[in-house]
Amino acid sequence: MPQDHGHGHAHIDPASGDRRVSIAIWANALLTVAQIVGGILSGSLALIADALHNFSDMASLVIAFAARKIARRPADARMTFGYGRIEVVAALINYTTLILVGVYLIYEGGMRMIEPTEVAGWTVVVLGSVALVVDTLTALLTYSMQKGSVNIRALFLHNLSDALASVAVIIGGSLILLYNMWWVDPAITIGIAVYILYLATTEIGKPIRILMLGSPPDVDNNAVVAAIRDVDGVHDVHHVHLWQMQENETALDCHIVTADGASGEKIKAAVKARLAEEFGIGHSTLELEDLENAHNGAKLYGHERVGE
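Residues numbered from 1 in each chain as written. Predicted model: local features only at pLDDT ≥ 70, side-chain atom pairs only at ≥ 80, totals over all residues. Heavy atoms only, no water.

Draft legend 1. How the structure looks around the pattern of salt bridges. Within the structure shown, the criterion is met by 3 salt bridges. For D236, the salt bridge is made with R229, and the minimal N-O distance between the two is 3.0 Å. Given a relative accessible area of 30%, D236 falls into the partly exposed group. Here R229 falls in the partly exposed class, since its relative accessible area comes to 39%. Across the pair E278 and R274 runs a salt bridge whose closest N-O atoms are separated by 2.9 Å. Taken as a pair, E278 and R274 lie in helix α9 (residues 264-279) at a separation of 4 residues, close to a single helical turn. On the basis of relative accessibility, which here comes to 21%, the residue E278 falls in the partly exposed class. Relative accessible area serves as the criterion here: at 23%, R274 is assigned to the partly exposed category. Shared partners join several salt bridges into a network, and the residues in it are D230, R274 and E278. (Salt bridge = Lys/Arg side-chain N within 4 Å of Asp/Glu carboxyl O. Buried < 20%, exposed > 50% of the residue type's maximum accessible area, 1.4 Å probe, protein only. Helix = DSSP H or I, 4+ residues; strand = E, 2+ residues; numbered from the N terminus.)

Draft legend 2. Focus on the packing of helix α4 (residues 121-143) against helix α5 (residues 150-179). Interhelical geometry of α4 versus α5 gives an angle of 160 degrees and a closest axis separation of 8 Å. It follows from the interaxial angle that α4 and α5 lie roughly antiparallel. Seen from above, α4 lies across α5 with left-handed handedness. Partitioned by chemical class, the residues of the contact of α4 with α5 number 15 nonpolar, 10 polar and 2 charged. (Axes fitted to C-alpha atoms, helices over the stretch in contact; angles between N-to-C directions. Parallel < 35°, antiparallel > 145°, perpendicular 65-115°, else oblique. Left-handed = near helix turned anticlockwise from the far one by under 90°. Nonpolar A, V, L, I, M, F, W, Y, C, P; charged D, E, K, R; others polar.)

Draft legend 3. Examining the sheet that holds strand β3 (residues 283-290) more closely. Taken in spatial order, the 3 strands make up an open sheet running β1-β2-β3, and their pairing is mixed. The open sheet is flanked by β1 (234-246) and β3, the only strands paired with a single partner. In this sheet, adjacent strand axes meet at a mean angle of 10 degrees when their direction is disregarded. One ladder, built from 8 bridges, connects strand β2 (residues 249-258) with β3; its direction is parallel. The residue bridging T258 from the neighbouring strand is D290, located in β3. This element, helix α8 (residues 221-229), spans β1 and β2 of the sheet and lies at about 135 degrees to β1. Packing against the sheet, α9 makes contact with β1, β2 and β3, and its axis sits at approximately 145 degrees to β3. (Pairing = 2+ DSSP bridges. Contact = heavy atoms within 4.5 Å.)

If you want it as structure tokens, here you go:
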């Protein structure tokens, strides 16, 4: 049964959103420097791991900030669909960097488990606590913005994983202070890395799907085809393409075979109205074929013929 596929997204004023991202960039930049210095002085790999994660967050924030600016440009002769998809590209870059950071940290943590070094617990606890405050602040700044943007969602998950990593660093520093458990530091590093990889690999599929022009996951393709076929005057439909022009904008193009004597303009209007009302598809390109001159053996999806 066709469903209503409208999206409820948070609408954040662009200027306000830019200010939030700017604050988050500066906070993460200062924190990254402090954690790297503290990690070197204390000998804590977990602290450096958290710093690298924060650095990737800062880079992600810069990419997201630039993407938000570029995405607002209107369509032109060079980019006839507009620049909105740049945010999807930014999300893919951010998730890819997360995966690279995660793999590197697992390697470094494994090497430190083989050759453990002494760690200054107090430095780890203090800087871990500062990091937790900054990470929580950054997550709060991006929380309300992430619901309608795969780009900002990538940032939010970066920040959320950072906050959890900071908690782990604080616990690790406390165990070192109380029980001299030096192996806890690289063990926590590996744990942070595994969690980073889990987040990145489970989320990276969405931007890849959009860039590959995959059909929107929340739209039932068969229901769309059935709705088109149900319109008066439509004999059949083929060469259907459903994709996302941007993250929250679904598009469709297809060939419609009209019944003998049916009005093409009336069919177009009826199909477009139904697509918009029932599936939230606001952009559709419909090519009409009369029954006598219809493509024989055309596949429902794609441009090939049956048997090719």
